[in-house]
Protein chains: 2
Amino acid sequence: MTSVSETTLHPFDEAVKLTPSTPGPYAKSTDTLRQFEGRTHPAYANMVGPFGGITAAQAMQAVMQHPQRLGEPVSLTVNFAAGLADGPFRIEARPVRTNRSTQHWAVTLWQTAADNTDAVMLTATAVTALRRPTWSAVDERMPMVSTPASVPAAPFTDRVQWVGRYEMRLVAGALPQRWDDAETDSLTQLWLRDDPPRPLDYPSLTALADAFFPRIWRRRARMTPIGTVSMTVYFHADANELATIGDGYLFGQARSQSFFNGFFDQSAQLWSEAGHLLATTHQIVYYKE
Amino acid sequence: MTSVSETTLHPFDEAVKLTPSTPGPYAKSTDTLRQFEGRTHPAYANMVGPFGGITAAQAMQAVMQHPQRLGEPVSLTVNFAAGLADGPFRIEARPVRTNRSTQHWAVTLWQTAADNTDAVMLTATAVTALRRPTWSAVDERMPMVSTPASVPAAPFTDRVQWVGRYEMRLVAGALPQRWDDAETDSLTQLWLRDDPPRPLDYPSLTALADAFFPRIWRRRARMTPIGTVSMTVYFHADANELATIGDGYLFGQARSQSFFNGFFDQSAQLWSEAGHLLATTHQIVYYKE
């Protein structure tokens, strides 16, 4: 773990930094549209292009910093239309419907291609809401596991940059030791948090929801090319609770229900160390045999 | 169960019927946009407005009948921005990115308000894809249950029209018999299919994914007002497999992971009677104490 001086931005904050830009050709009205400029960050680089979780976090951030936002995130769905290229992008968060206590968002991210045309790289929808205290219950209990300190920190690979941005302490469900096509279950459980540690917020929780290695690599020991096509995060905590957690560990668990002709799903949960279920998340992932 | 003569459209087919309309004020280009006109159907009426599942099916149908569609549905996320009024609507399905084997869609549904302005009632995103046969596996097994014929058909209520459009044979997890605030688990299992029976397709599978009664009514015996705000369906079957199932029963299972300050989630599975997992689906639902 490295330390960050107080005058240096955390790499996550650098990565999700979006600068308001003047409305571009996609803008219909300056009242209801807000475009930002951002760029991929080398600290979150994947094998090719950026880690999908950081792109999802940038989509969440575009909603978070919109001046018309009502309330806090309840759900986010991000569709990865194409693999981002390293470099700048333009992102728009648009409140398409604002109700008394809920607000619906449409997000689009473009990059300029080599032929100077703008191409849609990501679409997203989100719901934010003013929450009120009500009867509440967590039915998906955190598995009884050891404490973070009792499990060694071991990233699942050191071949890509973004994995170094997470402290991962594997409890169960490692990658295969040999790529011999052997089959097993798809379950992984681990303690995880940002590295260096950083206070939890909605964008970082969004990125953490995508931090599990691809389920198919666990399920069947073969180096299968994959790419997430759509990811949904449901948030079950308010900003006060996230603030309480600070830079503490989360317990994450992920598994698949179906692998079918080129697409598999993943369902995952993220709990605070105290056992509060902060987010449930689902994704559908392309795989190529 | 009633019978439908061969010359009469099934109510589901009447309900998802969309008529191409000329591009309206939202159209930017006739090459990439296609708008349809539809209307709510009395056979799928809910307490107020239409059953959300039929609206989601209409969104799926707008993609299915688009002339530029590539492949078959892999995922659909529908955001219910506001409660539809009974009557006509306009719906647009737009292919925002077409790759070699995948295609990304944005869907918007509008209704005209009393003041003659157009209001967004629903947004959706979808991914369609050309699937190729690959190594496949179903990890979420259908629970060992009795056959459909051994369980009596009993709708969970007869107070709303749409429930009559489904034959439901409850296996476990009924509604409470008394609304006395008693707490229990959130699990429901049932056999279900269209009533009258109808060959399964992607729009009807989408509607079936929303046919479970609200989990909070099971979890806590209180008549709590609810409304789904966002629903995602992942499809794990191709059109040939859906055709093989025909009008057979599906086994459905639904449960919640979290109820937190006004929103709870639901995760559900739909299997064919032969045990193939056809769809996994997730939703986040507003509730008001």
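All residue numbers refer to position in the chain's written sequence, counted from 1. Labels follow written order: the first chain is A, the first ligand is 1, and so on. Two thresholds apply to this predicted model, a pLDDT of at least 70 for residue-level local features and 80 or more for giving and counting side-chain atom pairs, whereas whole-chain, interface and lining totals are computed over all residues. Think of the side-chain values as coming from all heavy atoms in the structure, minus any hydrogens and water.

## Some points on the overall build of chain A
- Secondary structure elements follow DSSP: runs of H or I of four or more residues count as helices, runs of E of two or more count as strands, with numbering from the N terminus. A tally of regular secondary structure across chain A gives five helices and 14 strands.
- Categorising residues by exposure relies on relative accessible area from a 1.4 Å probe, with only protein chains included: less than 20% of the type maximum marks a residue as buried, more than 50% marks it as exposed, and the intermediate range marks it as partly exposed. Considering chain A as a whole, with its 289 residues, one finds that 61% of them fall into the buried category.
- Note on contacts: a residue pair qualifies if any of its non-hydrogen atoms lie within 4.5 Å across the two residues. By sequence separation, contacts in chain A at least 24 residues apart represent 70% of the contacts at least 6 residues apart.
- By the counting scheme adopted, Arg and Lys are positive, Glu and Asp are negative, and His together with the chain ends is not counted. Charge positions come from single atoms, namely NZ of Lys, CZ of Arg, CG of Asp or CD of Glu. Mean positive and mean negative side-chain charge positions of chain A (25 and 28 charges, respectively) differ by 4 Å.

## Details of the pairing of strand 5 (residues 102-112) of chain B
All names here are of chain B.
- The element strand 5 is extensively covered by neighbouring structure, given that ten of its eleven residues are classed as buried.
- When DSSP finds two or more bridges between a pair of strands, those strands are recorded as paired. In textbook terms, the turn of a hairpin is the stretch between consecutive antiparallel strands, and for strand 4 (residues 88-98) and strand 5 this stretch comprises three residues.
- Relative to strand 6 (residues 118-129), strand 5 runs antiparallel, the two sharing eleven bridges. By the bridge assignment, Gln-103 is partnered in strand 6 with Thr-128.
- Where strand 5 folds back on strand 6, the antiparallel hairpin that results is connected by five residues, among which Asn-116 adopts a positive phi of roughly 70°.

## Considering the interface of chain B and chain A
- With 65 residues of chain B at the interface, the matching set in chain A holds 65 residues.
- Accessible area that two parts lose when put together, evaluated with a 1.4 Å probe and summed over both, is termed the buried area. Ranking the residues of chain B by area buried against chain A places Trp-135, Gln-257 and Phe-260 of chain B at the top, with a combined share of 15%.
- Salt bridges are defined as contacts in which a side-chain nitrogen from Lys or Arg sits within 4 Å of a carboxyl oxygen from Asp or Glu. Applying the counting criterion to the chain B and chain A interface returns four salt bridges.
- Of the charged contacts, one joins Asp-139 of chain B and Arg-219 of chain A as a salt bridge, the two residues approaching to 2.8 Å between their closest N and O atoms.
- Throughout this entry, Asp, Glu, Lys and Arg are counted as charged residues, while Ala, Val, Leu, Ile, Met, Phe, Trp, Tyr, Cys and Pro are counted as nonpolar. The remaining residues, Gly among them, count as polar. Looking at the side of chain B that touches chain A, its residues break down into 26 nonpolar, 25 polar and 14 charged.

## Concerning the environment of Gln-68 of chain A
- Relative to the helices and strands, Gln-68 of chain A is located in the loop between helix 2 (52-64) and strand 3 (72-80).
- Sequence spacing of Gln-68 of chain A and Trp-217 of chain A is 149 residues, and the spatial spacing of their C-alpha atoms is 42 Å.

## Brief notes about the relation of the copies chain B and chain A
- Alignment of the copies relies on least squares applied to C-alpha atoms, considering only residues that score at least 70 for pLDDT in both. Once chain B is rotated about the relating axis by 180° and shifted along it by 0.0 Å, it coincides with chain A to within an RMSD of 0.0 Å. Within this description, the copies of the chain are treated as partners about a two-fold rotation axis.
- A shared binding surface is used by both copies, with 100% of the interface residues of chain B retained as interface residues in chain A.

## Some remarks on the pattern of salt bridges
All names here are of chain A.
- Tallied over the full model, the rule gives 26 salt bridges over all chains.
- Of the charged contacts, one joins Arg-198 and Asp-13 as a salt bridge, the two residues approaching to 2.8 Å between their closest N and O atoms. Residue Arg-198 is found in the loop between strand 9 (188-194) and helix 3 (202-208), and its partner Asp-13 is found in helix 1 (residues 11-15); the two are separated by 185 residues along the sequence.
- One salt-bridge network, in which partners are shared between bridges, spans Asp-13, Arg-198 and Asp-201.

## What about helix 2 of chain A?
- Helices are assigned an expected span. That span is 1.5 Å times one less than the residue count. Here helix 2 of chain A spans 18 Å end to end across 13 residues, near enough to the 18 Å set by a 1.5 Å rise per residue.
- The element helix 2 of chain A is extensively covered by neighbouring structure, given that 13 of its 13 residues are classed as buried.

## Some points on the nonpolar core
- We call a set of buried Ala, Val, Leu, Ile, Met, Phe, Trp, Tyr and Cys residues a nonpolar core when their side-chain atoms join them within 4.5 Å. Grouped together as the largest cluster of nonpolar side chains are 70 residues, with contacts concentrated most on Tyr-44, Ile-91, Trp-162, Leu-205 and Leu-250 of chain A.
- The element contributing the most residues to this core is helix 2 of chain A, with eight residues.
- If you look at the next biggest cluster of nonpolar residues, it comprises 59 residues, including Phe-12, Phe-51, Met-60 and Tyr-166 of chain B.

## Some words on the environment of Gln-189 of chain A
Residue and element names in this part refer to chain A.
- By the secondary structure assignment, Gln-189 is in strand 9.
- The exposure class of Gln-189 is buried, given its relative accessible area of 11%.
- Sequence-wise, Gln-189 and Leu-270 are 81 residues apart; in three dimensions their C-alpha atoms are separated by 10.0 Å.
- In this structure Gln-189 touches Pro-143, Val-145, Leu-170, Val-171, Ala-172, Phe-251, Gly-252 and Gln-253, once residues within four positions along its chain are discounted.

## So, unusual backbone geometry
Residue and element names in this part refer to chain A.
- In this chain, Asp-195 is followed by Pro-196 through a cis amide linkage whose omega measures 0°.
- Structurally, Pro-196 is set in the loop between strand 9 and helix 3.
- Even without a glycine there, the phi angle at Asn-116 is positive, about 70°.
- Along the chain, Asn-116 falls in the loop between strand 5 (102-112) and strand 6 (118-129).

## Examining the packing of aromatic side chains
Residue and element names in this part refer to chain B.
- Only Phe, Tyr and Trp rings take part, Trp by its six-membered ring, and two of them pair if their centres are within 6.5 Å. Stacked means planes under 30 degrees apart, edge-to-face means over 60, and tilted covers everything else. The tally for this structure, following the rule as stated, stands at 24 aromatic pairs over all chains.
- Relative to Tyr-44, the ring of Phe-12 lies with its centre 6.1 Å away and its plane at 80°, an arrangement referred to as edge-to-face. Remark: Tyr-44 occurs in the loop between strand 2 (34-39) and helix 2 (52-64) and Phe-12 occurs in helix 1 (residues 11-15); sequence separation between them is 32 residues.
- Assessed through its relative accessible area of 0%, Phe-12 is described here as buried.

## Things to note about the side chain of Ser-267 of chain B
- In this structure, Ser-267 of chain B sits in strand 13 (residues 263-272).
- With a relative accessible area of 10%, Ser-267 of chain B lands in the buried category.
- Once residues lying within four places of it in the same chain are set aside, the contact partners of Ser-267 of chain B are His-282 of chain A together with Gln-253, Ala-254, Arg-255, Gln-257, Thr-281 and His-282 of chain B.

## Some points on the pairing of strand 4 of chain B
Residue and element names in this part refer to chain B.
- The pairing of strand 2 with strand 4 spans six bridges and is antiparallel. Across the sheet, the residue bridging to Arg-39 is Pro-88, located in strand 4.
- Direction of pairing for strand 4 relative to strand 5: antiparallel, over a ladder of eight bridges. Residue pairing in the sheet places Arg-90 in a bridge with Trp-110 of strand 5.

## Comments concerning the confidence of the model for chain A
- The pLDDT value expresses, per residue, how confident the predictor is, ranging between 0 and 100. Taken residue by residue, chain A gives an average pLDDT of 93. The fraction at 70 or more is 93%.
- In the predicted complex, the global pTM is 0.95; the interface-specific ipTM is 0.95.

## Digging into the environment of Arg-218 of chain B
Residue and element names in this part refer to chain B.
- On the secondary structure map, Arg-218 appears in helix 4 (residues 215-219).
- Note: C-alpha distance between Arg-218 and Arg-255 (37 residues apart in sequence) is 9.5 Å.
- Ignoring anything within four residues of it in the chain, the contact list for Arg-218 reads Gly-173, Ala-174, Pro-176, Thr-184, Asp-185, Ser-186, Leu-187, Thr-188 and Phe-213.
- Distance and chemistry together define a polar contact, namely a pair of N or O atoms within 3.5 Å, with one atom able to donate a hydrogen and the other to accept it when in protein, and with adjacent residues in sequence counting only for side-chain atoms on both sides. A polar side-chain atom of Arg-218 sits 3.5 Å from the main-chain carbonyl oxygen of Leu-187.

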